[in-house]
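Here's the letter readout for the chains.
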Amino acid sequence: MRLRLFFLLMAVAAIVIAKTQGPVTAAPQFTVDDRSKVMDYWAQPGRYVITAPVDAQKKGLWQVRLTVRGSVWLMAYNKARKVSAPPTETAQPANDQQRDWEAWVLTKLNRDRWEALQAAQDANAKIFGARLPQGDKTIPDAEPPRPAPIPDALLALAGNPPKFAEAVVPMERDIAFDDITLTYQDNVRLSNPRYPYYRFAQGVDSEGVAVKEMTQERLDHLFRLAGVSESEARIMKAVSLLEGGFDAINTYDTGFVSVGFIQFASLKEGAGSLGTFLLDFKTANSDDFQRDLRQYGIDVTPAGVLDVLDLQTGAELTGPDAALKIIEDPRLVATFQRAGLKSDSFIAAQIRSAKAQFYPADDSVRIAVGAQTITGKVSDFIKSEAGMATLMDRKVNTGRLDPFSSVVTDIANRANISSLTDLASHELDIVKRMKYRKNYLDDSTLSQPTSNGFVRAGGPEHL
């Protein structure tokens, strides 16, 4: 009894000491010498040059952009009215009251964008003697009406909205490595003027070299290097068309830092799927990790958390601070893009990690059919490549398969199935209801579910 009490007191003491000392910090990934070498590299003349965009005389210095605060309000507005849509679409109103709100929001959006254009044109006229830039389809040609007072119910629901648009000066940023120079512009111009995920005006993006533009021989080599099957490769290629190339990068939205053909994201915690991917790359091939990333100031902790250097001070930053530093300093995100252009090892690690993190075949399924609970995995009844691509699309973009469980449960109860394998004959209905950003049932490169429960072959040889 005394011995048990002794161990209990020791455990309590350890907790008290830990709280007194504060949180345990991760061990440094860079030595002082490492940090000096990285700083010396980036301090060389011409490595990082910030200028006005080369097309400023055509488009003007001042241009119209969505505001970050406006984007934040739009997301809160969507959540409050319980509607959603893929990032490329606008969430639609669910009832007549929401339709009235939408009319007010659209009036304010049009007015804000028109006023921002006038401000940009006035500023550019003083510099260039011309009212630049020209308007576009997102901005009314004629002066739009001012919005009426905001509906009381909308104000109570979502709060007072800020300006949705403003005049800004995008800056061009050239990052020169020894073998390539990469160029970005901040204040990214978005195709959707009410995009609810925009968070960082200093962020940049590049879709990179699209997978569909790469030769089949090159892709086959990369996917073989990653050790995935031909069928898995077709599925991942199809989904990647909605994301970007192996060298794609994005630091302007709610993903915080997003990299690669599946857009591995750090999220605000500075870890996420990006940290998992980087840890896999470092573990599998530490020499290439050093060559491609670490020598330029990017590392990852053993816990899969981003770890980067402040290239000005040499300070080592982890987690949320690391993610924000990458967003602030495009030299760091350019390092990812360079690796995506130059390193087969970096690309193969992307493919391996995409399969491990997002390929849905082995995800567990647990549903209730009447009084019976049925368990198994996705591949027990999703047999087609189009079906797998549909689910992977959702998992890549949202991190989840929702509403997969409820869809499968509904169909299983309607059909009164007794095992998950029996659901294979209902795969077509499941895939139709799970469609997200793209209808993979129209993709002739993928095998397809049929109404009788069989799978129709796809792939290049069946075009």
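Just so we're clear, the structure is a prediction, and the values are computed from it rather than from any experiment. (Residues numbered from 1 in each chain as written. Predicted model: local features only at pLDDT ≥ 70, side-chain atom pairs only at ≥ 80, totals over all residues. Heavy atoms only, no water.)

Undergrad: Any chance you could explain the overall build of the protein here in plain terms?
TA: For the protein, the helix and strand inventory stands at 16 helices and 16 strands. Each of the three principal axes of the protein carries a C-alpha extent, and together these read 75 × 65 × 60 Å. A total of 463 residues make up the protein; the buried ones form 49% of that total. Restricting the contact set of the protein to residue pairs at least 6 apart, pairs at least 24 apart contribute 67%. Surface accessibility of the protein: about 22,600 Å² in total, with carbon and sulfur atoms responsible for 53%. Both charge centroids of the protein, one from 54 positive and one from 57 negative side chains, sit 4 Å from each other. (Helix = DSSP H or I, 4+ residues; strand = E, 2+ residues; numbered from the N terminus. Buried < 20%, exposed > 50% of the residue type's maximum accessible area, 1.4 Å probe, protein only. Contact = heavy atoms within 4.5 Å. Areas by Shrake-Rupley, 256 points an atom, 1.4 Å probe, with all protein chains shown as cover. Lys, Arg positive; Asp, Glu negative; His and termini not counted. Charge placed at Lys NZ, Arg CZ, Asp CG, Glu CD.)

Undergrad: Hey, could you run me through the nonpolar core in this one?
TA: Here is a general trend for soluble globular proteins: nonpolar side chains tend to be buried in one another's company. Ranked by size, the top nonpolar core spans 93 residues in total, and within it Phe-246, Phe-336, Ile-351, Phe-381, Phe-404, Leu-423 and Ile-430 carry the most contacts. A per-element tally of this core places helix H13 (residues 344-358) first, with 7 residues. With sequence-adjacent residues up to four places away left out, Phe-404 is seen in contact with Val-365, Val-378, Phe-381, Ile-382, Leu-391, Ile-430 and Met-434. In terms of nonpolar packing, the next biggest core, distinct from the first, is built from 11 residues, Trp-73, Tyr-77, Val-105 and Ile-150 among them. (Core = buried A, V, L, I, M, F, W, Y, C linked by side-chain atoms within 4.5 Å.)

Undergrad: Explain the sheet that holds strand S11 (residues 306-309) to me, please; I cannot follow it from the model alone.
TA: What links the strands of a sheet is backbone hydrogen bonding, and the strands pair in either a parallel or an antiparallel sense. Ordered in space as S10-S11-S12, the 3 strands form an open sheet in which the pairing is antiparallel. Strands with a single pairing partner mark the edges of an open sheet, and in this sheet they are strand S10 (298-300) and strand S12 (316-318). Mean inter-strand twist for the sheet, computed between neighbouring axes without regard to direction, equals 25°. Relative to S11, S10 runs antiparallel, the two sharing 3 bridges. If you follow Ile-298 over to S11, its bridge partner there is Val-308. (Pairing = 2+ DSSP bridges. Axes fitted to C-alpha atoms, helices over the stretch in contact; angles between N-to-C directions.)

Undergrad: Quick question: what am I supposed to make of the sheet that holds strand S4 (residues 172-176) here?
TA: In spatial order, the strands read S1-S4-S5; together these 3 strands make up an open sheet with antiparallel pairing. Strands with a single pairing partner mark the edges of an open sheet, and in this sheet they are strand S1 (48-51) and strand S5 (181-185). Geometrically, the sheet is characterised by an average inter-axis angle of 15° between neighbouring strands, direction not taken into account. Against the sheet, helix H12 (residues 330-342) touches S1, S4 and S5, its axis set at about 130° to S5.

Undergrad: Please explain the confidence of the model for the protein as it appears in this structure.
TA: Any residue range with low pLDDT should be treated as having predicted coordinates unsuitable for detailed reading. For the protein, mean pLDDT is 92; residues scoring 70 or higher make up 93% of the total. Under a pLDDT of 50 for its full length, residues 459-463 has, in the predicted model, 8 contacts with residues more than four places off or in other chains. (pLDDT = per-residue confidence, 0-100.)

Undergrad: Mind showing me how you'd approach the packing of helix H11 (residues 319-328) against H12 here?
TA: Between two packed helices, both the angle of their axes relative to each other and the distance between the axes serve to describe the pair. Running from amino to carboxyl end, H11 crosses H12 at an angle of 90°, the nearest separation of the two axes being 5 Å. Put simply, H11 runs roughly perpendicular to H12. For the pair H11 and H12, the contacting residues are Lys-325, Ile-326 and Glu-328 in the first and Pro-330, Leu-332, Val-333 and Phe-336 in the second. Class assignment of the residues belonging to the contact of H11 with H12 gives a composition of 5 nonpolar, no polar and 2 charged. (Parallel < 35°, antiparallel > 145°, perpendicular 65-115°, else oblique. Nonpolar A, V, L, I, M, F, W, Y, C, P; charged D, E, K, R; others polar.)

Undergrad: Is there a simple way to think about H13 in this case?
TA: Note on helix geometry: an α-helix contains 3.6 residues per turn, so any two residues three or four positions apart are oriented the same way. Here H13 spans 21 Å end to end across 15 residues, near enough to the 21 Å set by a 1.5 Å rise per residue. Of all 15 residues that make up H13, 11 are buried, and the element is covered over most of its length. All buried positions along H13 are accounted for by Ser-345, Phe-346, Ile-347, Ala-348, Ala-349, Gln-350, Ile-351, Ser-353, Ala-354, Gln-357 and Phe-358. (Expected span 1.5 Å × (residues − 1).)

Undergrad: I keep staring at the pairing of S11 and nothing clicks. Help me out?
TA: Residues in a regular strand project their side chains so that they alternate between the two faces of the sheet. By the alternation rule, side chains of S11 split into Leu-306 and Val-308 and Asp-307 and Leu-309, which are all buried. Linking two consecutive strands that pair antiparallel, namely S10 and S11, is a turn of 5 residues; a positive phi of about 80° is found at Gly-304 within it. Here 3 bridges tie S11 to S12, and the two strands are oriented antiparallel to one another. Across the sheet, the residue bridging to Val-308 is Leu-317, located in S12. The loop that links S11 with its antiparallel partner S12 comprises 6 residues; one of these, Gly-314, has a positive phi angle of about 85°.

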